[in-house]
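# A look at the structure
Letter by letter, the chains look like this.
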Protein chains: 2
Amino acid sequence: MSVAKVDIGVQEKARKHQDHLTKPQGSLGRLEDIACWFAARQGKTIPDILQPHICVFAGDHGVVEAGVSAFPSVVTGEMLKNFAAGGAAINILAKQCGATLSVVDVGVQADVSGLKGIVHAKVRAGTGNIIKEPAMKEWEYWQAVGVGKAQAELAIANGANVLIAGEMGIGNTTASAALICELTLLAPEKVVGRGTGIDDAAYDLKVSAVRRALQRAQMTPSKYAMRELGGLEIAAMAGFYRAAAHFGVPILLDGFISAAAALVTAAWDARIVGWMLASHVSQEQGHMLALQALGLEPLLDMHMRLGEGSGAALSLPLLQSAIALHRGMASFESAGVSNGND
Amino acid sequence: MSVAKVDIGVQEKARKHQDHLTKPQGSLGRLEDIACWFAARQGKTIPDILQPHICVFAGDHGVVEAGVSAFPSVVTGEMLKNFAAGGAAINILAKQCGATLSVVDVGVQADVSGLKGIVHAKVRAGTGNIIKEPAMKEWEYWQAVGVGKAQAELAIANGANVLIAGEMGIGNTTASAALICELTLLAPEKVVGRGTGIDDAAYDLKVSAVRRALQRAQMTPSKYAMRELGGLEIAAMAGFYRAAAHFGVPILLDGFISAAAALVTAAWDARIVGWMLASHVSQEQGHMLALQALGLEPLLDMHMRLGEGSGAALSLPLLQSAIALHRGMASFESAGVSNGND
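Here the residue numbers are simple positions, counted from 1 along each chain's written sequence. Each chain is given a letter, starting from A, and each ligand a number, starting from 1, according to the order in which they appear as written. Restriction of local features to residues with pLDDT of at least 70 applies here, the model being predicted, together with a cutoff of 80 or more for giving and counting side-chain atom pairs; totals for whole chains, interfaces and linings are based on all residues. Computation of side-chain values covers all heavy atoms of the structure but excludes hydrogens and water.

## Observations concerning the overall build of chain A
Each helix corresponds to a stretch of at least 4 residues labelled H or I by DSSP, and each strand to a stretch of at least 2 residues labelled E; elements are numbered beginning at the N terminus. Along its length, chain A carries 14 helices and six strands. The C-alpha radius of gyration of chain A comes to 20 Å, within 12% of the 20 Å expected for a compact globule of 342 residues. Judged by the C-alpha coordinates and their principal axes, chain A covers about 70 × 40 × 40 Å. Relative accessible area decides the class of each residue, using a 1.4 Å probe on protein chains only: under 20% of the type maximum gives buried, over 50% gives exposed, and in between gives partly exposed. Across the 342 residues that make up chain A, the buried fraction comes to 63%. Counted over contacts in chain A with a minimum sequence separation of 6, partners at least 24 positions apart contribute 75%. Computation of the radius of gyration draws on C-alpha atoms, with the globule rule given as 2.2 Å multiplied by the number of residues to the power 0.38. Residue contacts are defined here by distance: any two heavy atoms, one from each residue, within 4.5 Å place the two residues in contact.

## Points about the domain arrangement of chain A
It is common to give the size of an interface as the accessible area that goes away when the parts come together. Residue and element names in this part refer to chain A. Marked domain ranges trace back to an automatic or database domain assignment. By the assigned domains, chain A splits into domain 1 (8-48 + 324-335) and domain 2 (52-319). Here the C-alpha centroids of domain 1 and domain 2 sit 33 Å apart. Every contact between the two is made by eight residues of domain 1 and, on the other side, 13 residues of domain 2. Here domain 1 packs against domain 2, burying approximately 930 Å² in sum over the two surfaces, 64% of which is carbon and sulfur. By convention, the term buried area covers the 1.4 Å-probe accessible surface removed from two parts as they join, with the contributions of both added. Contact with domain 2 buries area across many residues of domain 1, yet Arg 30, Trp 37 and Arg 41 alone supply 55% of it, more than any other trio. Nitrogen and oxygen atoms within 3.5 Å of one another constitute a polar contact, given that in protein one can donate a hydrogen and the other can accept it, and given that sequence-neighbouring residues count only through two side-chain atoms. Summed over the shared surface of domain 1 and domain 2, the result is three residue pairs in polar contact (both at pLDDT 80 or more). In this count, Pro and Cys sit with the nonpolar residues alongside Ala, Val, Leu, Ile, Met, Phe, Trp and Tyr, while Asp, Glu, Lys and Arg are called charged and the others, Gly among them, polar. Considered class by class, the residues forming the side of domain 1 that touches domain 2 number four nonpolar, one polar and three charged.

## A word on the relation of the copies chain A and chain B
C-alpha atoms of residues with pLDDT of at least 70 in both copies form the basis for the least-squares superposition of the copies. Turning chain A through 180 degrees and shifting it by 0.0 Å along the axis lays it on chain B, with an RMSD of 0.0 Å. What the rotation and shift describe, once combined, is the action of a two-fold rotation axis. Both copies share a contact surface, since 100% of the interface residues of chain A are interface residues in chain B too.

## What about the packing of aromatic side chains?
Under the pairing criterion, centres of Phe, Tyr and Trp rings, with the six-membered ring standing for Trp, must be within 6.5 Å; the plane angle then separates stacked pairs below 30 degrees from edge-to-face pairs above 60, leaving the rest tilted. If you walk through the whole model with that rule in mind, you get 10 aromatic pairs over all chains. Between Trp 37 of chain B and Phe 38 of chain B, the aromatic rings sit 5.1 Å apart at their centres with planes inclined by 75 degrees, giving edge-to-face as the arrangement. Both residues of the pair, Trp 37 of chain B and Phe 38 of chain B, belong to the buried class. Taken together, the ring pairs in this structure connect Phe 57, Phe 240 and Tyr 241 of chain A into an aromatic cluster. In our convention, an over-ring charge means Lys NZ or Arg CZ found within 6 Å of a ring centre and within 35 degrees of that ring's normal. Taking NZ or CZ as reference, Arg 41 of chain A lies 6.0 Å from the ring centre of Trp 275 of chain A, over its face.

## Points about the packing of helix α2 (residues 30-42) of chain B against helix α13 (residues 310-328) of chain B
Any two packed helices are characterised by how steeply their axes cross, that is the angle between the axes, and by the distance between the axes. Residue and element names in this part refer to chain B. It is the contact of α2 with α13, at a shortest axis distance of 8 Å, that shows an interaxial angle of 80 degrees. Between α2 and α13, the crossing angle belongs to the class labelled roughly perpendicular. Mapping the contact onto sequence places Leu 31, Ile 34, Ala 35 and Phe 38 in α2 and Leu 318, Leu 319, Ala 322, Ile 323, Leu 325 and His 326 in α13. Among the residues forming the contact of α2 with α13, the class breakdown is nine nonpolar, one polar and no charged. All axes are obtained by fitting lines to C-alpha atoms, using only the stretch in contact for helices, and the reported angles, taken between N-to-C directions, cover 0 to 180 degrees. When an angle is under 35 degrees it counts as roughly parallel; over 145 it counts as roughly antiparallel; between 65 and 115 it counts as roughly perpendicular; any other value is oblique.

## Quick look at the environment of Val 145 of chain A
All names here are of chain A. Looking at where Val 145 falls in the secondary structure, it is placed in helix α5 (residues 138-157). Of the residues examined, Val 145 reaches a relative accessible area of 2% and is grouped as buried. As a C-alpha pair, Val 145 and Ala 238 span 93 residues in sequence and 6.5 Å in three-dimensional space.

## Regarding the pattern of salt bridges
Take a side-chain nitrogen of Lys or Arg and a carboxyl oxygen of Asp or Glu: if they are within 4 Å of each other, that pair is a salt bridge. Counting across every chain of the model gives 30 salt bridges over all chains. Across the pair Arg 30 of chain A and Glu 297 of chain A runs a salt bridge whose closest N-O atoms are separated by 3.7 Å. Here Arg 30 of chain A, found in helix α2 (residues 30-42), pairs with Glu 297 of chain A, found in the loop between α12 (287-294) and α13 (310-328); they are 267 residues apart in sequence, far enough to count as distant. Here Lys 44 of chain B ties to Asp 48 of chain B by a salt bridge, and the two come within 2.5 Å at their closest N and O atoms. Lys 44 of chain B gets classed as partly exposed once you look at its relative accessible area, which sits at 35%. Taken together, the salt bridges that share partners define one network made up of Arg 15, Lys 23, Glu 32 and Asp 33 of chain A.

## Points about the interface of chain A and chain B
Tallying the contact residues gives 52 residues for chain A and 52 residues for chain B. In total, about 4100 Å² of surface goes out of reach between chain A and chain B, with carbon and sulfur atoms giving 67% of it. Our enumeration of links across chain A and chain B arrives at zero salt bridges. Across the contact surface, chain A and chain B share 12 residue pairs in polar contact (both at pLDDT 80 or more). Mapped onto the side of chain A that touches chain B, the elements with two or more residues apiece are α2, α3 (74-85), α4 (89-97), α13 and α14 (332-335) of chain A. Looking at the side of chain A that touches chain B, the element that brings in the most residues is α13 of chain A, giving eight residues. Its residues placed into classes, the side of chain A that touches chain B shows 28 nonpolar, 18 polar and six charged.

## Here's the deal with the confidence of the model for chain A
Chain-level statistics for chain A give a pLDDT mean of 96 and a share of 99% at 70 or above. The complex model carries a pTM of 0.97, and its ipTM stands at 0.96. The score called pLDDT rates the predictor's confidence residue by residue, from a low of 0 to a high of 100.

## Remarks on helix α10 (residues 232-247) of chain B
For an α-helix the count is 3.6 residues per turn, leaving residues at separations of three or four pointing the same way. All names here are of chain B. Taking 1.5 Å of rise per residue, 16 residues should cover 22 Å, and α10 covers 23 Å from first to last C-alpha, within 8% of that figure. Counting buried positions along α10 yields 14 of 16 residues, so the element is predominantly enclosed. Gly 248 lies just past α10 and shows a positive phi near 75 degrees. Here a helix's expected span is defined as the number of its residues, less one, multiplied by 1.5 Å.

## Some points on the side chain of Ser 27 of chain A
Locating Ser 27 of chain A in the fold gives a position in the loop between α1 (8-19) and α2. Once you skip the residues sitting within four places of it in the chain, Ser 27 of chain A turns out to touch Glu 32 of chain A together with Met 304, Arg 305 and Leu 306 of chain B.

## A short note on unusual backbone geometry
Phi is positive for Glu 308 of chain A, which is not a glycine, with a value near 70 degrees. Along the chain, Glu 308 of chain A falls in the loop between α12 and α13.

## Regarding the pairing of strand β4 (residues 162-168) of chain A
All names here are of chain A. β4 sits mainly inside the fold: seven of its seven residues count as buried. Judged by which residues are buried, β4 turns out to be covered on both faces: Val 162, Ile 164, Gly 166 and Met 168 on one side and Leu 163, Ala 165 and Glu 167 on the other are all buried. Pairing between two strands is assigned when DSSP locates at least 2 bridges connecting them. With seven bridges connecting them, strand β1 (residues 52-59) and β4 associate as parallel partners. The residue bridging Val 56 from the neighbouring strand is Gly 166, located in β4.

## Remarks on the pairing of strand β2 (residues 100-107) of chain B
Residues and elements named next belong to chain B. Burial of β2 is extensive: six of the eight residues sit out of reach of the surface. Relative to strand β3 (residues 119-120), β2 runs parallel, the two sharing two bridges. Bridging across to β3, Asp 105 finds its partner in His 120.

## Here we look at the side chain of Asp 269 of chain A
All names here are of chain A. Position of Asp 269 among the secondary structure elements: in the loop between α11 (256-268) and β6 (276-278). On the basis of relative accessible area, Asp 269 is assigned to the buried category, the value being 16%. Polar contacts involving the side chain of Asp 269 include one to the side chain of Arg 271, which spans 2.6 Å.

Take a look at the structure:
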């Protein structure tokens with residue numbers, strides 16, 4: 001699957017446009033960079049208004065039996081009902097930023113087949129315990145990736161021009177930490193965090209779980225990291241990102257799990273990262289390290305650690321404002337303002 | 001003029017409300033704090049949706065004759081026309097966040113009396129050169145403060161429940177640096193920045209101008225700092241903040257000049273700061289120091305240095321999202337989700 005090219009020529013034209021707007025050159029800081037970034041990726045000096053779509057992928061994790069999470073796996077299915085009913089954080093934030101939202105069961109342990117308002121694409125009911133066995137079989141891995149790809153294609157066909165993947169999956173910070181360690185060669189102590197809020201004892205179990213999973217999978221080539229250590233929802237996110245980059249649609253990353261999925265796509269093809277912006281850095285200690293490995297600088301630091309796509313949705317208005325300024329501001333010439341730079 | 005009290009009891013009730021929402025406790029980070037902060041200030045466990053008003057105060061600075069700015073004073077008046085025509089950054093950003101906007105001539109050098117769509121409240125046509133003389137006379141100072149107060153009262157009467165003061169004034173980073181040095185006892189080298197983008201030679205002139213102004217005014221009590229070193233638009237901002245705190249309406253600070261005005265109000269009555277949130281930290285090097293002196297932590301760092309209220313307007317959606325989450329999310333009980341914290 002190819003990766004769309006970024007048009008650097010358009011980026012330069014967009015920068016020239018910025019330099020004529022009624023403000024000291026560069027005074028809008030990162031907002032100027034963001035507008036030019038979108039210009040290059042839309043292939044338009046004046047980029048279109050953003051039509052964001054958020055897709056939340058849900059799956060469970062066998063490793064939860066090792067005591068790595070503050071919440072039981074049953075919460076994943078319960079939260080799916082909450083998403084369908086519109087009561088979760090991501091429902092509110094999607095509405096605030098004008099994004100469409102879809103929720104996908106790609107691997108939830110509970111039977112939620114009767115639930116309306118979500119996409120049913122369950123590959124299997126949760127992963128294997130990565131301490132003892134691969135997270136999923138080869139075909140399950142590719143099927144989960146395919147679920148994500150299909151969701152991206154659907155969103156793009158419906159007009160989305162910026163894509164956010166969120167997730168829900170009790171235990172998925174453990175799987176993500178394992179993926180990040182495997183792909184960055186960082187030590188588990190540097191990457192493993194407190195997830196939804198575990199105590200010291202559970203934290204030690206979590207570090208140990210990641211270390212044992214890495215040892216078990218150590219002879220596996222890194223392109224199989226997701227199959228060995230990942231999650232069904234994380235594989236779907238990676239597929240979602242891959243399709244977005246293939247079709248040339250910008251991606252706004254969310255938190256720690258999102259960064260793990262992004263690192264997996266970077267192992268597939270590093271050019272995919274050229275389609276990504278980092279929305280925020282979370283409280284999960286390995287998140288900044290993962291973003292650094294991706295070469296991405298987050299926009300926000302709001303001390304969040306929720307997932308669901310919440311950090312990305314929260315930061316969307318910054319992108320929307322960046323593009324609105326680029327589109328709407330007067331130039332020095334049109335407004336009759338003296339330009340100190342000339 | 002008294003300062004409204006903050007209801008800490010309501011803040012605690014709001015925190016309890018947060019702890020029942022369908023997310024791990026604390027996982028929304030600063031968004032939770034913001035919602036509870038507004039709850040305490042509105043006196044409502046579930047705070048009302050924000051109705052923001054932005055007031056941009058414009059004035060000129062005699063010190064520009066010392067070569068401290070990259071732009072000539074004429075730009076202040078030209079930008080006022082741009083504001084009136086809707087072409088400036090703050091026009092776009094106000095629209096993006098749903099804020100009403102007013103623009104006030106409190107001390108512009110140019111004659112803009114024929115300009116429609118702005119408030120005409122000129123106290124004098126620019127300040128004196130603070131290197132050689134007080135910025136303004138005693139009565140001019142109080143009149144400018146009164147202009148700001150009146151604008152806050154009007155906005156509150158029109159239903160605003162969060163207030164932003166922006167500014168336009170070539171030379172006002174010099175005046176603000178002088179005020180911040182005077183009120184924090186920091187050295188000019190630490191506080192003076194590049195403003196709209198001056199070169200090294202102009203930077204040296206700017207540091208020297210601030211040092212000379214401080215020497216000239218050194219026997220003046222700090223409550224007269226604004227009169228000696230400030231600006232007409234900065235005095236109006238301070239009056240605007242003072243009235244907001246008196247009527248119990250939260251204030252969202254903008255950039256460097258806004259922080260200088262806030263420090264002046266803190267010298268009047270430290271409790272006024274209890275009504276303030278810091279929206280962003282700018283590229284102006286003294287801004288973070290001024291925020292630290294106020295005890296405020298900025299929400300955003302977008303490398304901006306524009307003024308006009310732009311950083312505050314940009315960050316408003318974060319506050320709006322914080323309150324929407326607080327108002328709209330389901331509780332563990334109502335959604336039937338297991339709470340790992342119980």
